[in-house]
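# Understanding the architecture of this molecule
Chain by chain, the residues:
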Amino acid sequence: MAKKIAVLARDRQEEALRMSIGLTLLDDVIDVYVLDRALVDNDKNALNVETMNDMEMKAFTNFKGNEGMEFLSTAEIAERLKDYDHIIFY
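To keep things clear, this report deals only with the structure shown in the data block. (Residues numbered from 1 in each chain as written. Predicted model: local features only at pLDDT ≥ 70, side-chain atom pairs only at ≥ 80, totals over all residues. Heavy atoms only, no water.)

Attention now moves to the pattern of salt bridges. Inspection of the entire model under this criterion finds five salt bridges. The partner of Arg-37 in a salt bridge is Asp-11, and the shortest N-O contact between them spans 2.6 Å. In this pair, Arg-37 is assigned in the loop between β2 (29-34) and α2 (43-54) and Asp-11 in the loop between β1 (4-9) and α1 (13-23), connecting sequence segments 26 residues apart. Across the salt bridge formed by Arg-80 and Glu-70, the nearest N and O atoms sit 3.9 Å from each other. (Salt bridge = Lys/Arg side-chain N within 4 Å of Asp/Glu carboxyl O. Helix = DSSP H or I, 4+ residues; strand = E, 2+ residues; numbered from the N terminus.)

Bringing the sheet that holds strand β5 (residues 86-89) into the picture now. Read from one edge of the open sheet, five strands run β4-β3-β2-β1-β5, paired in parallel fashion. At either margin of the open sheet sits one strand with a lone partner, and together these are β4 (70-71) and β5. Note: β2 against strand β3 (residues 58-61), four bridges, orientation parallel. Bridge pairing in β3 places Tyr-33 opposite Phe-60. Sheet strands touched by α1: β1, β2 and β5. Its angle to β1, the strand with the most contacts, is close to 165°. (Pairing = 2+ DSSP bridges. Contact = heavy atoms within 4.5 Å. Axes fitted to C-alpha atoms, helices over the stretch in contact; angles between N-to-C directions.)

Next up on the list: the packing of aromatic side chains. Across all of its chains, the model carries two aromatic pairs by this definition. Between the aromatic rings of Tyr-33 and Phe-60, the centroid separation amounts to 5.0 Å while the plane-to-plane angle is 25°, which identifies the pairing as stacked. Of this pair, Tyr-33 sits in strand β2 while Phe-60 sits in strand β3; the two residues are 27 residues apart in sequence, bridging distant segments of the chain. The exposure classification of Tyr-33 matches that of Phe-60, with both residues buried. Ring geometry for Tyr-33 versus Tyr-84: centroids 6.0 Å apart, planes at 85°, classification edge-to-face. Of the two residues, Tyr-33 sits in strand β2 while Tyr-84 sits in the loop between α3 (74-81) and β5, which places them 51 residues apart along the sequence. (Phe/Tyr/Trp six-rings, centres within 6.5 Å; stacked < 30°, edge-to-face > 60°. Buried < 20%, exposed > 50% of the residue type's maximum accessible area, 1.4 Å probe, protein only.)

Residues Val-7, Ile-30, Val-32, Met-52 and Met-57 are the most contacted members of the largest nonpolar core, which totals 16 residues. At the level of secondary structure, the elements contributing two or more residues to this core comprise β1, α1 and β2. With four residues, α1 is the largest single contributor of residues to this core. Within the second largest apolar cluster, nine residues are counted, among which are Ala-6, Tyr-33, Leu-35 and Phe-60. (Core = buried A, V, L, I, M, F, W, Y, C linked by side-chain atoms within 4.5 Å.)

With that settled, consider unusual backbone geometry. When glycine is set aside, most residues are seen to have a negative phi, and most peptide bonds are trans. Unusually for a residue other than glycine, Asp-36 sits at a positive phi of about 70°. Following the sequence through the fold, Asp-36 ends up in the loop between β2 and α2. Of the residues examined, Asp-36 reaches a relative accessible area of 40% and is grouped as partly exposed. Positive phi outside glycine occurs at Glu-56, with the angle close to 60°.

In structure tokens, the structure reads:
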């Protein structure tokens, strides 16, 4: 049975995005949450976001400046996290 895994990215964004893509090998549902700040604009993050889009992974954020991610308030994110089997924080 597939697990639901949330990856929360704040400080180590590149590592969090790369790790979330790697977790897809387990055939689990992986959702990424970029918290409290803009996603750093660099080549590695751009490639990771492109790969996430290709794999139809969902990305959410509580920072309004993050394009291509669904905006949720911090309270909405907290409520959603209750539904995950595992939460990984970076």
